[in-house]
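Observations on the model geometry
What follows is each chain in one-letter form.
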Amino acid sequence: MTTQNDQTSLFGTSPEEEQETDTAAQKAGQTAGKAAAQPARLVDVLVPYPVEKAYSYAVPAELDIQEGNYVTVPLGSRDVIGVVWNTETQAPPQNATGKAKRRPKIKEIIHRMDDMPSMPREHRNFIDWVARYTLTPKGFVLKMALSVSSAFNPPAPVTAYQKAANISEETRNGLSDKRKAVLHALRDNVPRRAAELADMAGCTASVIKGMEKLGLLETIALHAMPPCHSPQTDTERVTLSDFQQAAADNLCMMLDEREYCAALLDGVTGAGKTEVYFEAVAKALDMGKQVLILLPEIALSNAFLDRFKSRFGCAPALWHSSLSPAKRRDTWRGVAEGKSRVIIGARSALFLPYHDLGLIIVDEEHDPAYKQEDGVIYHARDMAVVRANLGKFPLVLVSATPSLETMMNTWSGRYHHLHLPHRHGAAQLPEIELLDMRAHKPPQNYFLSEPLIAALKDNIEHGNQSLLFLNRRGYAPLTICRGCGHRLACPRCTAWLVEHKQSNRLHCHHCGYNTPTPKQCPECGDPENLAACGPGVERIFEEVTELIPEARSVILASDTTESHEELAERLNDIKAGAYDIIIGTQIIAKGHHFPHLTLVGVVDADLGLQGGDLRAAERTYQLLHQVAGRAGREEKEGHVMLQTWHPDNKVMQALAAHERDFFYEVEGEEREMAHMPPFSRLVGIIVSGKDEQQVLDISIALGRSAPQGEKVQTLGPADAPFYRLRGFYRRRLLVRADKKVDIQKTVQSWIKSIKVPSTVRIYIDIDPQSFL
Ligand code: ADP
Ligand code: ZN
């Protein structure tokens, strides 16, 4: 959450202020709704602005207002959409003489949105809960949930085409092949939109428009059905193995209970977890419920969507940040009306107003992408647990490498543990080999060790594909002048500029700042001595091209493809075997299934261990395990080589020995000894502003009054690891508390005790995942 003493100055005038002082607007409100003669019924309406609570409004006699109704209310000089939060509002308090206390005049509700289904109680409870937990103003959470402003406009009809009634045999025979194809496509008398029809008939839309002019086609206005309104559950499906069937049966039993319940579906990549939870999805649909499947990275999940389509006979409704406004509106409404049955979404899909949600699946539950770091700061996996709890339905967390938190919850019995022990069919887990870089040191400015190069060559000879994984975009993460020692840094962030050779620019990966790669050192002017330090994927590509010139290589990183379509195309080419060596960042690590891929080389397995983050070991384990899982997904055996300078590190050892649970136990013990999550709770506080002195002063003031004691300790203030970010100075405090402490209450009263100028922002991150 963002907090300021004047919460709302971020968004202009405080609505609270307006409600109390803006008399002109009050008058406007009264004339719109007519002043009530009798004491009117009052209800509380929450508006999507950063307000802490719902405000009272009067209900005009002619309006039937129920909890959850969407309404228009006057707020200052504006009319805004809000939600009736509570109808049990107390009458205005009376003083001892029986006269109503002087208080601002209550304004009237202007309008009720008749064609919108009410916001269900569970959803309102959920918004309340998230606001309380994340210390975010309630109205701000509502704002996130109502992100689709056009959702309240009635859906616009679309034009569809059908065959004209009486086309003579003679006319028909005289038509061009394309026109015949259009009529053929409409032989089932189902009206279709121009684009769909053109696609089916293999012609352009102008052919269809032309046929309409000639009277061969007629148009009708259709109301578009929201996506995923009629999934089928009885389509043909795979025969589950005994283990898979047992897990699926368990999930179905959980659904039968119609109560909250959580399970971890745990199994290596390729074990059939998706097949298993599809059974639960089918069952929930048969029970008439809606289903939400959360995925960390929707943009990369084309293969998943195809699979869904073939299992359920229709495309799921999608929810993510790059949807078109029209799609957003259709989906939002479809979800609210209960017509969209299965939603596959990124974390924000949790905040859709489901009509009757009955199951949530969180796939790759350990993925860091589930943490939202700006606006309302929340963890979607944790909030999914809350949502299921409030809605009294089951939740399934899915992962091959669960988060330590989830693992502890299964060990303690809070979550069911459903385990799929093997890969499906003949596929075996790949062998994982540690390459000790101290023994296989590459020459200066090279990064691939001899055994790895030999293995790559050998793999090409056998006609197989290889993946080189390095989680770093660009050419080199640091450029240094060997003459004067100057390092090229971002002018706005505490970060080095990353060289990108493809674009011949230096980029800041934190704020987007970029500049042409200089020809000489900007400090000393030396034209000879600028040197690239360390590798990014572009540099590995260069090395591969030099050392294995016969290889067909390709780079795959989030910035090397222009669009989702291009990325999908590239992935298909890889699948089809068009490349021998794929050099990729974590974009390639997730969920893909490349049948010819048998060798995975991790260029720098130690990369994620640097930086001292609480979860560095856990994250590295998860990521490398996932990358390793790309190898040998079919009959061909897989082989993984990890280049490491620390082969004795527990992460490397656990990976090589396939000792996952042992790793979790050791990691768990270390966290317990350090009294760190999941054995305690953390709250991160970032003080941020453009005025360095102010930021320093406020952070010191916060430090002085910070909670300290046996059950709560505060560390800091200290400079945040990114002391400057996008031009803002940042100082950090970290609160650690026993799990029993009401940490929200503690933090809130502490922060409120400090007067913060409006030019300084305080970010509160409950259960922080990153410490930057
Ligand atoms: P996970 O989600 O655990 O990675 P998937 O469900 O994606 O595993 O399964 C991996 C592959 O194996 C998929 O192509 C899937 O269709 C196939 N598969 C899994 N179980 C079976 C089964 N019982 N019969 C046939 N194919 C299966
Ligand atoms: Zn920057």
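A few words now on the coordination of the zinc ion (ligand 2). Protein-derived ligands of the zinc ion (ligand 2) are C490 (SG), C493 (SG), C508 (SG) and C511 (SG), with the metal-ligand distances lying across 2.3 to 2.4 Å. In this structure, the zinc ion (ligand 2) is surrounded by 4 donor atoms whose angles at the metal cover 106 to 114°, and the resulting shape is tetrahedral. Within one chain, the residues serving as donors to the zinc ion (ligand 2) are arranged as C-x2-C-x14-C-x2-C. On the criterion of sequence distance, the pair formed by C490 in the loop between β20 (478–481) and β21 (498–500) and C511 in the loop between β22 (505–507) and β23 (514–516) is long-range, its members being 21 residues apart. In this structure, C490 and C511 share a single accessibility class: buried.

This part takes up the site of ligand 1. If you check the shell around ligand 1, you find 15 residues, and the closest are T239, G270, T274, E275 and R307. When ligand 1 is considered free in solution it has 550 Å² of accessible area, and contact with the protein chains removes 76% of it. Counting residues per element, the shell around ligand 1 draws most heavily on helix α10 (residues 273–286), which supplies 3 residues. Here the shell around ligand 1 is built from residues that sort into 4 nonpolar, 8 polar and 3 charged.

Bringing the nonpolar core into the picture now. Counting 135 residues, the largest nonpolar core has W332 and I685 as the members making the most contacts within it. Here the element with the most residues in this core is α10; it accounts for 8 residues. Aside from chain neighbours lying at most four places away, what touches W332 is Y70, M116, A145, L146, V148, A151, F152, W319, L352 and P353. Core analysis: the second largest hydrophobic core is formed by 32 residues, F594, L597, A617 and L624 among them.

This part takes up the packing of aromatic side chains. Given two aromatic rings, their pairing is described by the distance between the two centres and the angle made by the two planes. In this structure the tally under the stated criterion is 13 aromatic pairs. With a centroid separation of 6.3 Å and an interplanar angle of 65°, the aromatic rings of Y621 and Y664 are classed as edge-to-face. Linking Y621 in helix α18 (residues 616–628) with Y664 in helix α20 (residues 660–673), this pair joins segments that are 43 residues apart in sequence. Residue Y621 is classed as buried on the basis of its relative accessible area, which comes to 1%. In this structure Y664 comes out as buried when scored by relative accessible area, which is 1%. Three or more aromatic residues joined by ring pairs make a cluster, and in this case those are Y277, F278, F304, F308 and F312. Over the face of the ring belonging to F312 we find R311, whose NZ or CZ atom lies 4.8 Å from the ring centre. Against the face of Y475 rests K501, its NZ or CZ located 4.2 Å from the ring centre.

Pairing is antiparallel across the open sheet formed by 3 strands, whose spatial order is β21-β22-β23. Two strands close off the open sheet at either side, each with one partner strand: β21 and β23. Put simply, the sheet's adjacent strands are angled 30° from each other on average, direction ignored. Of the pairings in the sheet, the one linking β21 to β22 comprises 3 bridges and is antiparallel in character. Considered in β22, the bridge of E499 is made with L506.

Quick look at the state of the cysteines now. Counting across every chain of the model gives 0 disulfides. In this structure C521 is not part of a disulfide, and its nearest cysteine sulfur, from C481, lies 3.7 Å away.

Once that is clear, we can look at the sheet that holds strand β27 (residues 597–602). By definition, the strands of a sheet pair up through backbone hydrogen bonds, in either a parallel or an antiparallel sense. Taken in spatial order, the 6 strands line up as β18-β28-β27-β19-β26-β25 in an open sheet, and their pairing is parallel. The open sheet is flanked by β18 (431–436) and β25 (553–556), the only strands paired with a single partner. Each strand of the sheet is rotated relative to its neighbour by a mean of 20°, with strand direction disregarded. Two elements, β25 and strand β26 (residues 581–584), share 4 bridges in a ladder whose sense is parallel. Counted as the bridge partner of V554 is I582 from β26. The sheet contacts of α18 involve β18, β19 (465–469), β27 and β28 (639–644), and relative to β19 the element is tilted by about 165°.

Take helix α13 (residues 380–391) next. Counted at 1.5 Å a residue, the expected span for α13 with its 12 residues is 16 Å, and the 16 Å between its end C-alpha atoms agrees. Among the residues making up α13, those that are buried are A380, R381, M383, A384, V385, V386, R387 and A388. Of the surrounding elements, those touching the buried residues of α13 are α3 (121–134), β10 (290–294), β13 (357–363), β15 (378–379), β16 (394–399) and α14 (404–411). One or two residues past the end of α13 sits K392, with phi positive at roughly 55°.

So, about the side chain of E279. With respect to the secondary-structure elements, E279 resides in helix α10. Not counting residues up to four positions away in its chain, the partners in contact with E279 are R237, L240, A248, C252 and R311.

Right, let's talk about the confidence of the model for the protein for a bit. Across the protein, pLDDT averages 87, with 91% of residues at or above 70. The low-confidence segment residues 1–36, where pLDDT is below 50, has 71 contacts with residues more than four positions distant or belonging to other chains.

Moving on, we come to the pairing of β13. Among the 7 residues in β13, 7 count as buried, and that is most of the element. As paired elements, β13 and β16 share 4 bridges and run parallel to each other. Bridging across to β16, I361 finds its partner in V396.

Moving on to the pattern of salt bridges. Where side chains of opposite charge bring their charged atoms close, a pairing between them can arise. Under the defined criterion, the tally for this structure stands at 30 salt bridges. Between E337 and K339 there is a salt bridge, and its shortest N-O distance comes to 3.4 Å. Look at E337 and you get partly exposed, because its relative accessible area is 27%. Two residues, E670 and K650, come together in a salt bridge whose shortest N-O distance is 2.6 Å.

Reading the values: the criteria
Residues numbered from 1 in each chain as written. Chains lettered and ligands numbered in written order. Predicted model: local features only at pLDDT ≥ 70, side-chain atom pairs only at ≥ 80, totals over all residues. Heavy atoms only, no water. Donors = N, O, S within 2.8 Å, 3.2 Å for Na, K, Ca; no water. Tetrahedral: all angles 85-135°; square planar, octahedral: opposite > 155°, others 65-115°. Helix = DSSP H or I, 4+ residues; strand = E, 2+ residues; numbered from the N terminus. Buried < 20%, exposed > 50% of the residue type's maximum accessible area, 1.4 Å probe, protein only. Near = heavy atom within 4 Å. Areas by Shrake-Rupley, 256 points an atom, 1.4 Å probe, with all protein chains shown as cover. Nonpolar A, V, L, I, M, F, W, Y, C, P; charged D, E, K, R; others polar. Core = buried A, V, L, I, M, F, W, Y, C linked by side-chain atoms within 4.5 Å. Contact = heavy atoms within 4.5 Å. Phe/Tyr/Trp six-rings, centres within 6.5 Å; stacked < 30°, edge-to-face > 60°. Lys NZ or Arg CZ within 6 Å of the ring centre and 35° of its normal. Pairing = 2+ DSSP bridges. Axes fitted to C-alpha atoms, helices over the stretch in contact; angles between N-to-C directions. Disulfide = S-S within 2.5 Å. Expected span 1.5 Å × (residues − 1). pLDDT = per-residue confidence, 0-100. Salt bridge = Lys/Arg side-chain N within 4 Å of Asp/Glu carboxyl O.

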